[in-house]
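Summary of the model geometry
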Amino acid sequence: MVNNNPVKQPHSFTSNNAFNNFQQTSNIFNIASATGSIAHFIFILIFFYIDQTTLAWINIFSVSAWLLTFWFNRIRRHDISILIMSAEVLAHALVATSVLGADAGFQYYLWPMALLVMAIPSLSVTWSTIIAFSHITTFTLLTLFCHTRVPNLDSYYILIFLLNLASASIPFIATAAISRSIYASQYSVMTKLAEKDALTQLFNRRFGLEALNHYVNQPDENRVPFCISLVDVDQFKLVNDQLGHSKGDEALIKISSYLSKSMRETDISSRWGGEEFLFIFPNVELHQIRQRIEKICHDMPSHIFLENWDQAISCSFGLIQVAQNESAEDALKRVDDSLYQAKKNGRYQVVSDQ
């Protein structure tokens, strides 16, 4: 019935994103617990005042139940917390509406409870659906069939209804708002993971290939000239072998930072794989960009340094202008041939096919 608590894993590590989501979930439950506790405490006073002592005593037990949920929220047992909330709301709606009628509005708590159960993944989808459906079904039946009113309480019905409506709206709106925030946060994280290389923070190969296909497949009337460059780090294996992979990663981070900062804002920088990078230069022809790429290549050793490494850190560049009707595969083959020629010629240079 209940999902395993995501915090209770065999290991003690929890990522920042996961921790933030747990915290936001706790915030939702704490808002619900606080609203439920305060609303029922107010109703204790109201029911004693209007001489509904049975309902007043029931509300004392209700307050105790809502206060208990704070403890389970604190230890992140949201599954138990939401079961207590659901049972209390369902029972309280049945009793209070049966005694005072639907005009008092106690059945309106069933809606935010149904939303809370479905929106926050504390229970399995099956049990969340069953509980939510039971709440909405109960709401419908109470609204349709409980029309009794206590005659000597007519003057209090509007006050009780408005208090119930306000108390039910607060957790409803809070749940929707925080759930939306969690969704937006997760969407941003997923987008970043889908597009960015974790080590260098450049775009990844998938994004680079999508971008290349985008420019290649532009209609002739909209197509602008563009160039691409495939870049490979010279003698990178030596860095890994002599200094270790952590220093190799440090070198890649520094190289990628230098290269991306040297590009225009409109250029697309991606890690193609290993120690290779792919750069796309929109709206430019080869003769316009070659000199700048050669300067970037030439200046690199004076901008990138590694501790305990005395050799110059450099890259070889293949550079081409993509032809009018050339496919992405053919363009990549040509730029890879240019890069191979740069390596064959002795590295640390730019080679194009023109």
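Residues numbered from 1 in each chain as written. Predicted model: local features only at pLDDT ≥ 70, side-chain atom pairs only at ≥ 80, totals over all residues. Heavy atoms only, no water.

With that out of the way, let us pick up the nonpolar core. Judged by nonpolar contacts, the single largest core of 37 residues is most densely connected at Phe43, Phe47, Leu100, Phe106 and Leu116. Where this core is concerned, the elements lending two or more residues are helix H1 (16-49), helix H2 (53-74), helix H3 (78-100), helix H4 (110-119), helix H5 (125-145) and helix H6 (157-195). Among the elements that line this core, the one with the most residues is H1, at seven residues. Apart from the residues within four sequence positions on either side, phenylalanine 43 is in contact with Asn59, Phe106, Tyr109, Ile160, Leu163 and Asn164. (Core = buried A, V, L, I, M, F, W, Y, C linked by side-chain atoms within 4.5 Å. Buried < 20%, exposed > 50% of the residue type's maximum accessible area, 1.4 Å probe, protein only. Helix = DSSP H or I, 4+ residues; strand = E, 2+ residues; numbered from the N terminus. Contact = heavy atoms within 4.5 Å.)

So, about the UniProt feature "transmembrane region" (unreviewed entry) in the protein. As annotated in UniProt, the feature "transmembrane region" (unreviewed entry) corresponds to residues 28-50, 56-73, 80-100, 106-123 and 156-178 in the numbering used here. In residues 28-50, the share of helix is 96% and the share of strand is 0%. The end C-alpha atoms are 33 Å apart. For residues 56-73, the helix share is 100%, the strand share is 0%, and the end-to-end C-alpha distance is 26 Å. (UniProt positions renumbered as here; feature names shortened; annotations may be inferred.)

Attention now goes to the environment of asparagine 204. Here asparagine 204 lies in the loop between H6 and helix H7 (205-216). Using a relative accessible area of 14% as the deciding quantity, one classes asparagine 204 as buried. Each C-alpha atom of the pair asparagine 204 and alanine 194 lies 8.0 Å from the other, and the pair is 10 residues apart in sequence.

The next thing to look at is the sheet that holds strand E4 (residues 315-321). Pairing is mixed in the open sheet, where five strands are placed in the order E2-E3-E1-E4-E5. In the strand order of this sheet, the two ends are held by strand E2 (268-273) and strand E5 (350-352), each with one partner. When strand polarity is set aside, the average angle formed by the axes of neighbouring strands in this sheet is 20°. With five bridges joining them, E2 and strand E3 (residues 276-282) adopt antiparallel strand pairing. Across the sheet, residue serine 270 finds its bridge partner in E3, namely leucine 278. Running over the sheet, H7 touches strand E1 (226-233), E2 and E3 and is turned about 125° from E2. (Pairing = 2+ DSSP bridges. Axes fitted to C-alpha atoms, helices over the stretch in contact; angles between N-to-C directions.)

Turning to the pattern of salt bridges, a few remarks are in order. Per the stated rule, a full pass over the model turns up 17 salt bridges. Aspartate 267 is the partner of arginine 292 in a salt bridge, and the nearest nitrogen-oxygen pair spans 3.5 Å. Taken as a pair, arginine 292 in helix H10 (residues 286-299) and aspartate 267 in the loop between helix H9 (245-262) and E2 lie far apart in primary sequence, 25 residues in all. A relative accessible area of 26% means that arginine 292 is categorised as partly exposed. The salt bridge partner of arginine 334 is glutamate 326, with a shortest N-O separation of 2.7 Å. Note on glutamate 326: relative accessible area 11%, which makes it buried. Residues joined in a network through salt bridges with shared partners are Lys247, Glu250, Lys254 and Glu307. (Salt bridge = Lys/Arg side-chain N within 4 Å of Asp/Glu carboxyl O.)

Let us now look at H2. An ideal rise of 1.5 Å per residue puts 32 Å on 22 residues; H2 measures up with 32 Å between its terminal C-alpha atoms. Inspection of H2 places Leu55, Ala56, Asn59, Ser62, Val63, Ala65, Trp66, Thr69, Phe72 and Asn73 among the buried residues, and these make up the whole buried set. Count one or two residues on from H2 and you reach arginine 76, which has phi positive near 60°. (Expected span 1.5 Å × (residues − 1).)

What follows covers the pairing of E4. A regular strand places its side chains so that they alternate between the two faces of the sheet. In terms of burial, E4 is largely enclosed, as seven of its seven residues are buried. Because side chains alternate across E4, one face comprises the buried residues Cys315, Phe317, Leu319 and Gln321, and the other comprises Ser316, Gly318 and Ile320, equally buried. In the sheet, E4 pairs with E5 via three bridges, with the strands oriented parallel. Across the sheet, residue glycine 318 finds its bridge partner in E5, namely valine 351.

Here the focus is the packing of aromatic side chains. Under the criterion given, the structure shown has 11 aromatic pairs. Ring centres of phenylalanine 277 and phenylalanine 279 lie 6.5 Å apart, and the angle between their planes is 35°; this geometry places the pair in the tilted category. Every member of this aromatic cluster is reached through a ring pair, and the members are Tyr108, Trp111, Phe139 and Phe161. Directly above the ring of tyrosine 157 sits arginine 149, whose terminal nitrogen or CZ lies 4.0 Å from the centroid. A cation sits over an aromatic face here: lysine 196 above phenylalanine 203, 5.3 Å from the ring centre. (Phe/Tyr/Trp six-rings, centres within 6.5 Å; stacked < 30°, edge-to-face > 60°. Lys NZ or Arg CZ within 6 Å of the ring centre and 35° of its normal.)

What follows deals with the pairing of E3. Most of E3 is tucked away, with six of its seven residues classed as buried. In this structure, E1 lies alongside E3, joined through seven bridges in antiparallel fashion. In the strand pairing of E3, isoleucine 228 is matched with isoleucine 280. The hairpin formed by E2 and E3 contains two residues between the paired strands, and glycine 274 there has a positive phi angle of roughly 60°.

Time to look at helix H8 (residues 236-243). Among all positions in H8, only Phe236, Val239 and Asn240 are buried. The arc that holds the buried residues of H8, viewed along the axis, is 95°, so those residues lie on one side. Exposed side of H8, more than 90 degrees from the buried face: Lys237, Asp241 and Gln242 are the residues found there. Buried-residue contacts for H8 involve E1 and H9. Glycine 244 occupies a position one or two residues after H8 and carries a positive phi of about 100°. (Arc of directions from axis to C-beta.)

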